[in-house]
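Understanding the architecture of this molecule
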Amino acid sequence: MSAILKIAIQKSGRLSEDSLNLIRESGVDFNKSDNKLTARAFNFPVEFLFLRDDDIPGYVFDGVADIGIVGENVFLEKGKIARVVEQLGFSKCRLSIAVPKSFNYTHCQDLNGLNIATSYPKILGDFLAKENISATIHEISGSVEIAPNIGLAEAICDLVSSGSTLISNGLKEVEIILQSQAVLIAHQGLSSEKSLILEELLFRMSAVRRAKNTKYIMLNAPNKSLDEIVKLLPGVKSPTITPLAETGWSSIQSVVKENEFWDVIGKLKTAGAEGIIVIPIEKIIQ
Ligand code: PRT
Ligand code: ZN
C-alpha cells in the first residue's frame, strides 16, 4: 500500500478556514463534514484529522499525525518536539502582558511580585526567568482579560490581535513576549515516502502563497517612459514589453508585490503610465 500523509487541522476555530483554504488552493480536493473527525482527499495521498488546536502538537509529536497546522503560540506552549517546516503567514497575533490602564508601568521589572493570569504558563514562565522577574503565574483556561477586574490577578498574559479586547477591559499592553502566526509542523522522522508527499504539498503551498502576495499588472506607456517604468516593475524575471498599434507607445506586463502595490501605482502614473489593469494571480511557480 502506498503511503498517506496524515494532516492535523483545527476542527473549528480561528485557524480552520485559512488552513483548509490553503490546502484546497493547493489542488487537494476533499469533503469536510461537521460531524466527522477525519476525511480523505480524492486526488492526493493525504488524510485529515480534525482536532482541537491544543492537541495538534502532541499528535504530531507522537506520530499519530504526520504534519499539522497550528499557532506558534500553542506549539511553543506545549513544548512538544516537532519540526517547524514553514510559517504560513495567517492567524497572526502576539502574546502580550497587559496591566490595568492606571498602572504606572515603565519597565518589565515592574512585574516583580505581581500575580499574572494566563493560559500560557510555559511561555510566560520562560520570559519571566529570562528577565529575572519573580512573579506568580495563575493558569486559567479562558476569559483571561477579566482576571484583573475580578481581583484574580494584577496583570495578564494573553493573545492580542486588534487590541480591542484589552481596551474594552480597561487594560493596556506593556510587553510583547511572542509574535505568532500559523505554522506547519512535522513529525521528526517521517518515512521517505511521506517526506516526498510533504515536499510536493509544500511546493504547491508556496506557489499559492507567493501568488497571494503578488498581482499581475498591465499598462500602456509612451516609449520615452519605458526605462523609468521598467525600473519600477522588476517582475518575476523582467517585464514583457510589446509595441502598441499606435506608434511611440508600448504595452508593459509584469507582477507587483501586494504590499508595494499602491506606492508603485502612484509612481507609474507619474512616469506616464496609462490604462493600468491589475489582475489577481492564482499560482506562481518559480
Ligand atoms: O477549540 P480550539 O481549542 O481548537 O480553539 P481555541 O478556542 O483554543 O483557539 P482559537 O480558534 O480561538 O484560536 C486559534 C489560534 O488563532 C490561536 O492559538 C492563535 O494562534 C490564533 N489567533 C490569532 C488568536 C487571535 N488571533 C486572537 N485574537 N487566538 C485568540 N485570539 C483571542 C485572544 O485570546 C483574545 O481573547 O482574541 C482576543 C483578542 O483579540 P483582539 O482582536 O481584541 O485583540
Ligand atoms: Zn485551543
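Relevant structure appears above.
These notes cover the structure that comes with them. Please read these numbers as outputs of a predicted model, since none were measured by experiment.

**Things to note about a nonpolar patch on the surface**
- A cluster of nonpolar side chains, namely Ile146, Ile150 and Leu152, defines an oily patch on the protein surface of about 260 Å² accessible area.
- Along the chain, Ile146 falls in the loop between β8 (136-139) and β9 (155-160).
- Since its relative accessible area comes to 39%, Ile146 is described here as partly exposed.

**What to know about the pattern of salt bridges**
- Tallied over the entire structure, the rule returns eleven salt bridges.
- In this structure, Lys283 engages Glu282 in a salt bridge whose closest nitrogen and oxygen atoms are separated by 3.4 Å.

**So, helix α4 (residues 121-130)**
- Where α4 is concerned, the buried positions are Ile123, Leu124, Phe127 and Leu128. One face of α4 carries all of its buried residues, which in axial projection span an arc of 135°. In α4, the exposed positions angled more than 90 degrees off the buried face are occupied by Ala129 and Lys130.
- Buried positions along α4 lie against α3 (72-78), β6 (93-100), β7 (115-118), β8, β9 and β10 (171-180).
- One or two steps after α4, the chain reaches Asn132, where phi turns positive at roughly 60°.

**A closer look at the side chain of Ser16**
- Mapped onto the fold, Ser16 is located in helix α1 (residues 16-25).
- Given a relative accessible area of 8%, Ser16 falls into the buried group.
- Among the polar contacts made by the side chain of Ser16, one reaches the main-chain amide nitrogen of Ser12 at a distance of 3.5 Å.
- What Ser16 contacts, discounting residues up to four positions off in sequence, is Gln10 and Lys11.

Conventions we followed
Residues numbered from 1 in each chain as written. Chains lettered and ligands numbered in written order. Predicted model: local features only at pLDDT ≥ 70, side-chain atom pairs only at ≥ 80, totals over all residues. Heavy atoms only, no water. Patch = residues over 30% accessible without salt bridge, like charges linked within 9 Å, V, L, I, M, F, W, Y side chains within 5 Å. Areas by Shrake-Rupley, 256 points an atom, 1.4 Å probe, with all protein chains shown as cover. Salt bridge = Lys/Arg side-chain N within 4 Å of Asp/Glu carboxyl O. Helix = DSSP H or I, 4+ residues; strand = E, 2+ residues; numbered from the N terminus. Buried < 20%, exposed > 50% of the residue type's maximum accessible area, 1.4 Å probe, protein only. Arc of directions from axis to C-beta. Contact = heavy atoms within 4.5 Å. Polar contact = N/O pair within 3.5 Å; in protein donor to acceptor, adjacent residues only side chain to side chain.

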